[in-house]
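Observations on the model geometry
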Amino acid sequence: MNAQEVGIIQYVSNGKGFSAVWKSSDFQVNEISLDGKEIHLTDRTLPDIMVFPKKNIKEFPSPYEQNQLLTADQWNEIDGMIKNELPLTIKIDVCGKRKDERQSLARVLSVKYEGLSFKTVCNVLQISKRENVRPRIREPPPSTLYTQFVLYKENLSTATALAKLYRSRKPSLRPKFWTAGDLPKRANTSQLVTAFDWSPLHVASGLRSNVIIGNYKFTDKPLVPGHRIGSHYTIALRQVMGDASVIKANLESLKINGFINYYDVECFGRSREAPLHLIGKCLLKKNWQEVINLMLEPSAIDPGDVTGEEYAALVKYKVSRNAWLALENVPSGESTSIECKLLYDMKNRRKNVNRLIRSIPRSKLRIYVRAYLRFLWNMIASERIAKFGLEPIIGDLVYAYHPENGSTEKSQRKIILLDEGNIRNYTISDVMLPLPGIDGTYPLNEVANYNTNFLLKDGLLESDLKRAVKDYSVDVEYRPVVAKPFDIVWYFIRYSNPSETLVWSDMDRMRKKEKPNLIENGAFLGLVIEFDLLSSVYATMALREITKMDTIFDFVTPNVPGNETLKADLISRDRKSSAEPKAKRIKLMDTVEKSIPGV
């Protein structure tokens, strides 16, 4: 999808750009928690004491019941075997116990311990460790205890990665996960997750290498959206080629002036045929059949979110528009995707389109509506900058300064209008634009009319937008027109292998992967940038600002499935740069490095 198609048009600085490519492994993102700490995966060790699921807490043996079955010394001996790994087997004489007491003892042992085997031979209970299984002690949790862990994922959305933690479990047994928000899909990321009534033993051994969990602890509160400051980014740009003075000027401009705070292309889906904002527009226009057809568009589905049979069913439906034919090879009752459930409703219940729309989870429909509002925000921001530039104007919205603090600290609660008396206290970095349709304050100038104009072009009215915002419970949101990175640093590196690892992920560090093979006179020049961004601000827009490359797909790795044209283009580009005379490349790199301070 082209960036201009979703309103990503303007730049803060309008100079020249430079050429570079990146792949998802060059994009490292670490969540910054509310206490200012970067979240990293550093330890995959499962805890020695596992929380016993709350729903089974009544089955957990009380101290009284335990003491009725074994002595305190015997319980301590079993605990010691687990903690100290010795002895390998414990023998307990159960000759004097009745049958029901032996059954109770077997139940209590299986509930309290994990990874042990029990058998009775000649009235002697033998307790030993299972082969290749680490034994653990379970303990009952307090009334509100959550498992917190770090989720590390590679090239997956947060939702898809979390789904892998329970996909093998029955729907009725699936736990509830909480996060502070999503992190980018095309990146290696680490973030906190909390879960209730869930043990990592359920899935940890079966996870693939692109989803890893660790750093376990217990907490009395779940995460909620917004419970983070932002994210730390470490990004490597490969095969950097361009004018040294341009590269320097663009990096300095990013540091001082920032970038247009657009919603990036990934917010609108992966499909040109069925972008999320187009589905949202059809929802607002109540074109229900078109909504269903667009939702079932195969190119809009991430192959990792559905099985091969489900994806094939969507392809068949696109061609035939026949739900019966589409589902002929999909096992009945085994589909978990919303899209295939929609096909089953069409096949089995023969619902009309109105009822079909109502069967779709509101949370899913809210995604489409929000995508359309974000599309409008991008368009309005571009129009405002094109008309008035990067200066505040009378009637713009800003957060108020606290007068008691000498006008040095902004309130994050009170929105005010700029007038002749206060406009000199603010810059374009302070100017906010509301998400269209919200029940809030709007600019009191020409910008307020832009939303109406864009809606009319789409055959909609302001009333349609406000009704959708209310119906789908879209939150009030004010977004800065310009965003700035914090603590930005950059440096240049040389390398000769085009596939060389230029920045380490958390997993690279844990695996003690060899450091990048950097060569002083290497054939290629790389640029590594590190900075922090607040939540809901997109690093790809910062990269767009410095490179002047108009679309996120200019950056995407050739390995992204479904983009064969792009893949061929980037491979050709790799070959072209590799085929250049070595002397020419090294001369360019020397010029760049000598021109930029700190390199």
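Quick note: structure is the one above.
Computed from a predicted model, the values in this text were never measured in an experiment. (Residues numbered from 1 in each chain as written. Predicted model: local features only at pLDDT ≥ 70, side-chain atom pairs only at ≥ 80, totals over all residues. Heavy atoms only, no water.)

**Here we look at the sheet that holds strand β7 (residues 124–129)**
Note the threshold: Only strands that DSSP links by at least two bridges are regarded as paired with each other. The helix and strand labels rest on DSSP assignments: H or I over at least four residues marks a helix, E over at least two residues marks a strand, and numbering proceeds from the N terminus. With axes taken as lines fitted to C-alpha atoms, and helix axes fitted only over the stretch in contact, angles between N-to-C directions fall between 0 and 180 degrees.
In spatial order, the strands read β4-β7-β6; together these 3 strands make up an open sheet with antiparallel pairing. On the outer flanks of this sheet lie β4 (89–93) and β6 (116–121), each paired with one strand and no other. Strand-to-strand, the axes of this sheet are offset by a mean angle of 20°, without reference to chain direction. Taken together, the 5 bridges between β4 and β7 define a ladder with antiparallel strand orientation. Looking at β7, one finds that threonine 89 is bridged to serine 128.

**So, the pairing of strand β17 (residues 431–434)**
As a general feature of sheets, a regular strand has side chains that alternate between the two faces. As a reminder of what qualifies: The rule is simple: take the accessible area with a 1.4 Å probe, protein chains only, and divide by the maximum for that residue type; under 20% is buried, over 50% is exposed, in between is partly exposed.
Residues of β17 alternate between two faces, with Val431 and Leu433 on one and Met432 and Pro434 on the opposite face, all of them buried. Pairing between strand β15 (residues 397–401) and β17: 2 bridges, direction antiparallel. Each residue of the ladder has a partner; that of leucine 397, found in β17, is methionine 432. When β17 meets strand β18 (residues 478–480), the two strands line up antiparallel, connected through 3 bridges. Within β18, the position partnered with methionine 432 by the bridge is proline 480.

**Details of the pairing of strand β9 (residues 146–154)**
In terms of residue burial, β9 counts as a mostly covered element, since 8 of its 9 residues are buried. Where β9 and strand β12 (residues 211–219) come together, 7 bridges link them in antiparallel fashion. Residue pairing in the sheet places tyrosine 152 in a bridge with isoleucine 212 of β12. Here 8 bridges tie β9 to strand β11 (residues 188–196), and the two strands are oriented antiparallel to one another. Opposite tyrosine 152, over in β11, you have serine 190 as the bridge partner.

**A word on the nonpolar core**
Worth spelling out the cut-off: Only buried residues count toward a nonpolar core. Its members are Ala, Val, Leu, Ile, Met, Phe, Trp, Tyr and Cys residues joined through side-chain atoms within 4.5 Å. Contacts are assigned to residue pairs with any non-hydrogen atoms lying within 4.5 Å of each other.
Phe27, Leu237, Leu343, Leu527, Ile529 and Phe531 are the most contacted members of the largest nonpolar core, which totals 109 residues. Top contributing element to this core by residue count: helix α12 (residues 362–388), with 13 residues. In contact with leucine 527, other than residues within four places in its own chain, are Phe18, Ile235, Ala236, Leu237, Val240, Leu251, Trp490, Tyr491 and Phe492. Core analysis: the next-biggest nonpolar cluster, separate from the first, contains 17 residues, Leu70, Ile90, Val108 and Ile127 among them.

**Topic: helix α8 (residues 308–320)**
We apply this condition: Take the residue count of a helix, subtract one, and multiply by 1.5 Å to get its expected span. Think of it as the arc spanned by the lines of direction from the helix axis to the C-beta atoms.
For α8, spanning 13 residues, the distance from its first C-alpha to its last is 18 Å, which sits close to the expected 18 Å at 1.5 Å a residue. Every buried residue belonging to α8 is among Glu310, Ala313, Leu314 and Tyr317, and all of these are buried. Along the axis of α8, the buried positions cluster into a sector of 100°, meaning they face one direction only. Structural note: α8 exposes Gly308 and Val319 on the side pointing more than 90 degrees away from its buried face.

**Details of the packing of helix α6 (residues 276–284) against helix α7 (residues 288–295)**
To keep things clear, this is the line we draw: These descriptions rest on fixed angle ranges, namely under 35 degrees for roughly parallel, over 145 for roughly antiparallel, 65 to 115 for roughly perpendicular, and the rest for oblique. Left-handed describes a crossing whose near helix is turned anticlockwise from the far helix by less than a right angle; the clockwise case is right-handed. In this classification, the charged set is Asp, Glu, Lys and Arg, the nonpolar set is Ala, Val, Leu, Ile, Met, Phe, Trp, Tyr, Cys and Pro, and all remaining amino acids, among them Gly, are polar.
Across the interface, α6 lies against α7 with an axial gap of 8 Å and an inter-helix angle of 160°. It follows from the interaxial angle that α6 and α7 lie roughly antiparallel. Note on packing geometry: the crossing formed by α6 with α7 is left-handed. For the pair α6 and α7, contact is made by Leu278, Ile279, Cys282 and Leu283 and by Trp288, Glu290, Val291, Leu294 and Met295, respectively. The class makeup of the residues in the contact of α6 with α7 is 8 nonpolar, no polar and 1 charged.

**Let's talk about the packing of helix α2 (residues 72–84) against helix α3 (residues 99–112)**
Following both chains from N to C, one finds α2 and α3 inclined at 35°, their axes separated by 13 Å at the closest point. In this structure, the crossing between α2 and α3 has a hand that is right-handed. Contact residues: Trp75, Ile78 and Asp79 in α2; Val108, Leu109 and Lys112 in α3. When its residues are assigned to classes, the contact of α2 with α3 shows 4 nonpolar, no polar and 2 charged.

**Regarding the pattern of salt bridges**
Two side chains with opposite charge may pair up if their charged atoms get near one another. Defined as follows: One side-chain nitrogen of Lys or Arg within 4 Å of one carboxyl oxygen of Asp or Glu is enough to make a salt bridge.
Applying the stated criterion to the full structure yields 14 salt bridges. Note that arginine 370 and glutamate 477 form a salt bridge whose closest N and O atoms lie 2.9 Å from each other. Residue arginine 370 is found in helix α12, and its partner glutamate 477 is found in the loop between α14 (462–471) and β18; the two are separated by 107 residues along the sequence. Relative accessible area serves as the criterion here: at 17%, glutamate 477 is assigned to the buried category.

**Thoughts on the environment of glycine 181**
Along the chain, the position of glycine 181 falls in the loop between β10 (176–179) and β11. Since its relative accessible area comes to 17%, glycine 181 is described here as buried. Expressed as a C-alpha distance, the spacing of glycine 181 and arginine 228, which sit 47 residues apart in the sequence, is 8.3 Å. When neighbours within four sequence positions are excluded, glycine 181 is seen to be in contact with Gln191 and Arg228.

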